[in-house]
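These are the residues of each chain, in order.
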Amino acid sequence: MDNKYRINHLRELEAESIFVIREVVAQFENPCMLFSGGKDSIIMFHLARKAFWPARVPFSLMHIDTGHNFQETLDFRDKLMKDTETKLIVRYVQDSIDQGKVTDETGVNASRNILQTTTLLDGIEAMKFDCAMGGGRRDEEKARAKERFFSHRDEFGQWDPKNQRPELWNIFNGKKHMGEHFRVFPISNWTEMDVWQYIMLENIAIPNLYFSHEREVVERDGTILAAGEFVELKEGEIPVKRIIRFRTIGDMTCTGAVASEANSLEEIIEEVASTRITERGGRYDDKRSEAAMEDRKKDGYF
């Protein structure tokens, strides 16, 4: 791709996303932005800061912490919030478990990813948020490809993929009834390649997990999982050290790594350009069923 064309393309995406974020602030009384410490939420937060500069971002950020996060991600999150003087609300899945609202899964394939839904919906209700912005992109997974920029959620926080509002000429309808809310996805039209090229263009800091490093891992059903206290080993599984990196970052129990020696943004972009597997292709939780993501989204998941 011609460099000038690429930069123009990224600036168009940037302008669109900033417009969406500003629309959220204009239409909703108490919005928030979901933040995980992953590259997509980092990009979204970067765009939000641009949208309102030199003022601070006029809404809170919220992280749903499964308790099984990579420590590197949490350290990066905390440093970014401190450096930007941004208010971060953290809601813990462990609290939902302790309150008896959800039951922790057990066994070698246990994950808290599904349990996040209850914690997220409780957090939205407790803080009285009427909109939650997320870093979902349409190229990530087929269920997310069905979603609009403004995604209406009913009073139970549920999503109906067959009942979505038209968004002609980027006119967004945020009208809702009492108790309902919206999820908004400002970077819906971005691809993984766009994200990496924008990170390089804007020189945005990201967690070192995205770059090649040596780590003890186990390979399970074609997925490379980081070995650690949260990943219960199957009989006969022995962790081995491998050179890997992560294309997406989430709960340690279901976030798959890729064998890679890409140690710079240039090398990552080259690697992404040559792959034929989506970044969520290594997510172990998405392999539970053909409609795993869509089922979770209908129940109120991100």
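Above this text you will find the structure in question.
Residues numbered from 1 in each chain as written. Predicted model: local features only at pLDDT ≥ 70, side-chain atom pairs only at ≥ 80, totals over all residues. Heavy atoms only, no water.

*Asks:* Got a minute to help me understand the packing of helix H2 (residues 39–52) against helix H6 (residues 192–202) in this structure?
*Replies:* Packed helix pairs are specified by the crossing angle of their axes together with the interaxial distance, meaning the distance between the axes. Where H2 meets H6, the closest approach of the two axes is 11 Å, and the angle between their N-to-C directions is 55 degrees. Relative to H6, the element H2 lies oblique. Considering only the axes of H2 and H6, their crossing is left-handed. Here Lys 39, Asp 40, Ile 43, His 46, Leu 47 and Lys 50 of H2 come into contact with H6, specifically with Glu 192, Val 195, Trp 196, Tyr 198, Ile 199 and Glu 202. Broken down by class, the residue content of the contact of H2 with H6 amounts to 6 nonpolar, 1 polar and 5 charged. (Axes fitted to C-alpha atoms, helices over the stretch in contact; angles between N-to-C directions. Helix = DSSP H or I, 4+ residues; strand = E, 2+ residues; numbered from the N terminus. Parallel < 35°, antiparallel > 145°, perpendicular 65-115°, else oblique. Left-handed = near helix turned anticlockwise from the far one by under 90°. Contact = heavy atoms within 4.5 Å. Nonpolar A, V, L, I, M, F, W, Y, C, P; charged D, E, K, R; others polar.)

*Asks:* Any chance you could explain the environment of Lys 175 here in plain terms?
*Replies:* Considering the arrangement of structural elements, one finds Lys 175 in the loop between strand E5 (150–153) and strand E6 (181–184). Each C-alpha atom of the pair Lys 175 and His 152 lies 9.0 Å from the other, and the pair is 23 residues apart in sequence. Not counting the four nearest positions on each side in its chain, Lys 175 is found in contact with Arg 165 and Phe 182.

*Asks:* Teacher, can you tell me more about the pattern of salt bridges here?
*Replies:* Once their charged atoms are close, side chains differing in charge can pair, the charge on each being opposite to the other. A complete count under the given rule lists 16 salt bridges for this structure. Across the salt bridge formed by Arg 56 and Glu 85, the nearest N and O atoms sit 2.4 Å from each other. Remark: Glu 85 occurs in the loop between helix H3 (71–84) and strand E3 (88–92) and Arg 56 occurs in the loop between H2 and strand E2 (60–65); sequence separation between them is 29 residues. Judged by relative accessible area, Arg 56 falls into the exposed class, the value being 58%. Taking the shortest distance from any N to any O, the salt bridge between Asp 78 and Arg 77 comes out at 2.9 Å. (Salt bridge = Lys/Arg side-chain N within 4 Å of Asp/Glu carboxyl O. Buried < 20%, exposed > 50% of the residue type's maximum accessible area, 1.4 Å probe, protein only.)

*Asks:* I'm lost on the layout of surface pockets in this one. Help?
*Replies:* In this approach the atoms are scanned with a rolling probe the size of a water molecule, which exposes any empty space left behind. Taken as a whole, the largest pocket holds about 440 Å³ of empty space. What lines the largest pocket is a set of 21 residues, and nearest its centre among them are Ile 124, Phe 129, Gly 179, Glu 180 and His 181. The leading source of residues in the lining of the largest pocket is helix H5 (residues 116–127), at 5 residues. Residue composition of the lining of the largest pocket, by class: 6 nonpolar, 7 polar and 8 charged. (1 Å grid on protein atoms, 1.4 Å probe; cavity = no way out; pocket = protein on both sides within 12 Å on 5 of 7 lines; lining within 4 Å. Points joined across faces, edges and corners; volume = space filled by probe spheres on them.)

*Asks:* Looking at this model, I keep getting lost on the sheet that holds E5. Mind explaining?
*Replies:* The 6 strands are arranged E3-E2-E1-E4-E6-E5 in an open sheet whose pairing can be described as mixed. Two strands bound the open sheet, and with one partner strand each, they are E3 and E5. Pairwise comparison of adjacent strand axes, ignoring direction, gives a mean angle of 30 degrees for this sheet. Across 3 bridges, strand E4 (residues 131–133) lies against E6 in parallel orientation. (Pairing = 2+ DSSP bridges.)

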